[in-house]
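# Architecture at a glance
In case you want the letters, here they are:
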Amino acid sequence: MNHKVRKLEKKGVMHFRWAEYLGDTKTRIGFGIVVIFVILAIFAPMIAPNDPLYVDVINKLQPPSRQFWFGTDNMGRCLFSRIVWGSRYSLLYSFIIMVITILIGVPIGLVSGYIGGKIDNFIMRIIDLFMAMPSFVLALAIAGTLGPSGKNLVFAMSCVYWASYARLSRALTIQVKEQSFILALKAGGCSHTKILFGHILKNIMDSIVALATMEIGGIILSIAGFSFIGLGVQPPTPEWGIMLSDSKNYIQTCPRLMLIPGIVVVIVVMAFNLLGDGLKNGRYER
Amino acid sequence: MADMNDNGEIKIENLEIDFRIKKGTVSVIKNIDMSVKKGRVTALVGESGSGKSVTSHAVMGLLPMNVKKLSGKIWIDGESVESLSVKERQKINGTKVGMIFQDPVDSMNPLYTVGNQMIEGIRRHRKISKSEAEEKAVQSLEAVNLSNARQLMKKYPFELSGGMCQRVMIAMTMSLEPEYLIADEPTTALDVTVQKQIIKELLYMSHEKNVGILFITHDLGVVAEVADDVYIMKDGKIVEQGTVYDIFDHPEHPYTKMLLDAIL
C-alpha cells in the first residue's frame, strides 16, 4: 500500500516536471525540431542518400529529383546530403564550444561569487572587458590571427563566450549563498568545495542549462558566419556557412542553393531559441 | 553528572564585534561575557537586532565577510576558537557544536532528499559505510519521535511541514552527537503546539545526553519553560544575567522588567 503511494507520488512529481518544461506548444515545437536535427546529425551517414563530397560535374545544378531531393550544387554534389552532414558539423562544433565555455565560465563564476570581495571585483572587471567588446569581432580577431581552421574557430569562440556564463553563475551563486541552508551546511562542518560544487552548483544548474540552450542558437549562427567569410571550417567540408558562401555566385541563376541552407540555419536557430525560452519560463514559473 | 562544573563549557570572554558598513563601522557586540555549560540550557534573550545571532555565529565561526573587528576570546571546552585552522574548524562544527536555525524548511537544500542530506552529513564526519550511515540517520529520526523514518528519508524538504523539518534538523544535528547545541530561535517559525514538542525534544537532549544548549530567543514565555540560566541582551550588551528564577522573580534591569511585562 505504502509502496503504491510512493509510486503515485513519484509519478506526480515527474509529470509535474515535464508539464512545467514542455507544456508550451512553442517549446514543444522547438524541442521537436531540435530532436529531429540531433537525429540527423547522429545518423547522417545512414540518412544521407548520397556522398556529400562526391563531385559530379555532369550533374551540376540539377533541379530536385528522386535521387537528389534538393537538387545538386555547382559541382554536382547532392544538396540534401550536404545539409544532413552539415547539421552534424554545426551541432558538433556548437556543442563542443558550449561545453568548453561552460566548463571555463561556470567554475570561475561560482568561485568569484562565493569568495566575493576583492577577488570577485578583479574577476568581474576581466569579465566586463570581455563583455564590453563585441564578441563576434573579438572572435574574428583571434580566429584571423590563428589562421582559418575548425579547431581555431572553436578556440576563438570559447575564449569569448565563457564570460556570459561566468557572469550568470556568479550572480546566481551570490543569490544562493545567502540562503540559510548554506549557513546550515557550514554549521554542520561541510567543506567549501563541497558546498560550492555539491550544493550551489546543483541549485543554479537549471538556469545555466536554459542559458546554454538559448546561446547554442547564436553559436550555430556565428559558426555559419565565420565559415561564410572563410575563417571557420574549411571547404569541402559540408557546413552550412560554407554552402552559403560557395553558392553566392549562383544567387541569380539558382537561388535554391542559397535559400535551402539559409532556411535550415534559421529553423535550427529558431528551434533552439524556442526551447531555451521554454526552459527559462518553466524555471520561473516554479 | 555529579559535578557540573568540571563538565566543560563554551566560554565567551570580552567578545567585541564591529561590522563594516558604507560609512564607517557599527559596533554590534560590546564586551560580552557568557558561558554555556554542558547539561544545562542557557537562554540568550533579546529583541531583534540586539546581537543574539551574531554572538552565536561568532561561536560557530560563521561571521560574514564584513566583520571589521573581532576581539575577545571564545573557548570551547578549554580550546581557543581563534587558533583553529579552517580544517579544524570544519571538524568541530557539527561534531562538537551543532546548530539549528530559525527557518527549518530553508535550512535544507531543496534539491536533495532528507536522507541524502543526513547521510552526507554523517559521512562527512564519521568514516562509516553508506548503509551504516543510513541506519544511523533512521535511528536519529526515530529518536526525535518521527514515525515512518524510512519513508521520510526519501522525501524532499518542501514535502514536509515546518515542525517536521525542525525535527529533521534536530535529528540531523544530533546524529553527529555534538556536545553543545546552538539553537537560533528554533521555535519562532512554528505554531504553538509544535513549539512545545520541539522544546520537549531539546530538553530531552539536554538532560539525557548531557548536551549544553544555547537557546536563542526573544520569547520569555519559552525561556521560562526551558532555561536554566538566562542572559538578557540589548543593543549588543548583556544587561542582566542569572538563573531563570532570579530573572523571573527579581528582575533588576528596567529592560528585563519591560520584557516581562510584554509577555502575552
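Structure's up top.
Now for a look at the structure at hand.

The rules we used
Residues numbered from 1 in each chain as written. Chains lettered and ligands numbered in written order. Predicted model: local features only at pLDDT ≥ 70, side-chain atom pairs only at ≥ 80, totals over all residues. Axes fitted to C-alpha atoms, helices over the stretch in contact; angles between N-to-C directions. Helix = DSSP H or I, 4+ residues; strand = E, 2+ residues; numbered from the N terminus. Parallel < 35°, antiparallel > 145°, perpendicular 65-115°, else oblique. Contact = placed C-beta atoms within 7 Å. Nonpolar A, V, L, I, M, F, W, Y, C, P; charged D, E, K, R; others polar. Buried ≥ 20, exposed ≤ 12 C-beta atoms within 10 Å, placed from the backbone. Pairing = 2+ DSSP bridges. Left-handed = near helix turned anticlockwise from the far one by under 90°.

## Structural notes on the packing of helix H2 (residues 25–42) of chain A against helix H4 (residues 79–115) of chain A
The geometry of a pair of packed helices is captured by two quantities: the angle between their axes and the separation between those axes. Residue and element names in this part refer to chain A. Contact geometry of H2 with H4 gives a least axis separation of 7 Å together with a crossing angle of 105°. One finds that H2 runs roughly perpendicular with respect to H4. Residue-level inspection shows Phe37, Val38, Leu40 and Ala41 of H2 in contact with H4, the latter providing Val84, Ser87, Arg88, Leu91 and Leu92. Here the residues of the contact of H2 with H4 are counted per class, giving seven nonpolar, one polar and one charged.

## Quick notes on the interface of chain A and chain B
Contact residues are listed per partner, giving 17 residues for chain A and 20 residues for chain B. For the side of chain A that touches chain B, the secondary-structure elements that each account for two or more residues are helix H8 (180–187) and helix H9 (192–228) of chain A. Looking at which element gives the most residues to the side of chain A that touches chain B, the answer is H8(A), with six residues. Split into classes, the residues belonging to the side of chain A that touches chain B amount to five nonpolar, ten polar and two charged.

## Concerning the pairing of strand S9 (residues 229–234) of chain B
All names here are of chain B. Where burial is concerned, most of S9 is hidden: five out of the six residues are buried. The sheet contact formed by strand S3 (residues 41–46) and S9 spans five bridges and is parallel. Paired with Thr42 across the two strands is Asp229, which belongs to S9. Examined bridge by bridge, S9 and strand S10 (residues 237–243) share six bridges and lie antiparallel to one another.

## Side note on the packing of H4(A) against helix H7 (residues 150–177) of chain A
All names here are of chain A. The interhelical angle for the contact between H4 and H7, taken along N-to-C directions, is 35°, at an axis separation of 5 Å. At the point where H4 passes H7, the crossing takes the right-handed sense. Residue composition of the contact of H4 with H7, by class: 19 nonpolar, nine polar and three charged.

## Some details on unusual backbone geometry
All names here are of chain B. Positive phi outside glycine occurs at Asn31, with the angle close to 50°. Tracing the backbone shows Asn31 in strand S2 (residues 25–37). The backbone of Asn148 sits at a positive phi, close to 60°, despite the residue not being glycine. Assignment of secondary structure puts Asn148 in the loop between helix H4 (130–143) and helix H5 (149–152). By C-beta crowding, Asn148 is classed as exposed, having 11 other C-beta atoms within 10 Å.

The values are spatial; any link to function lies outside them.
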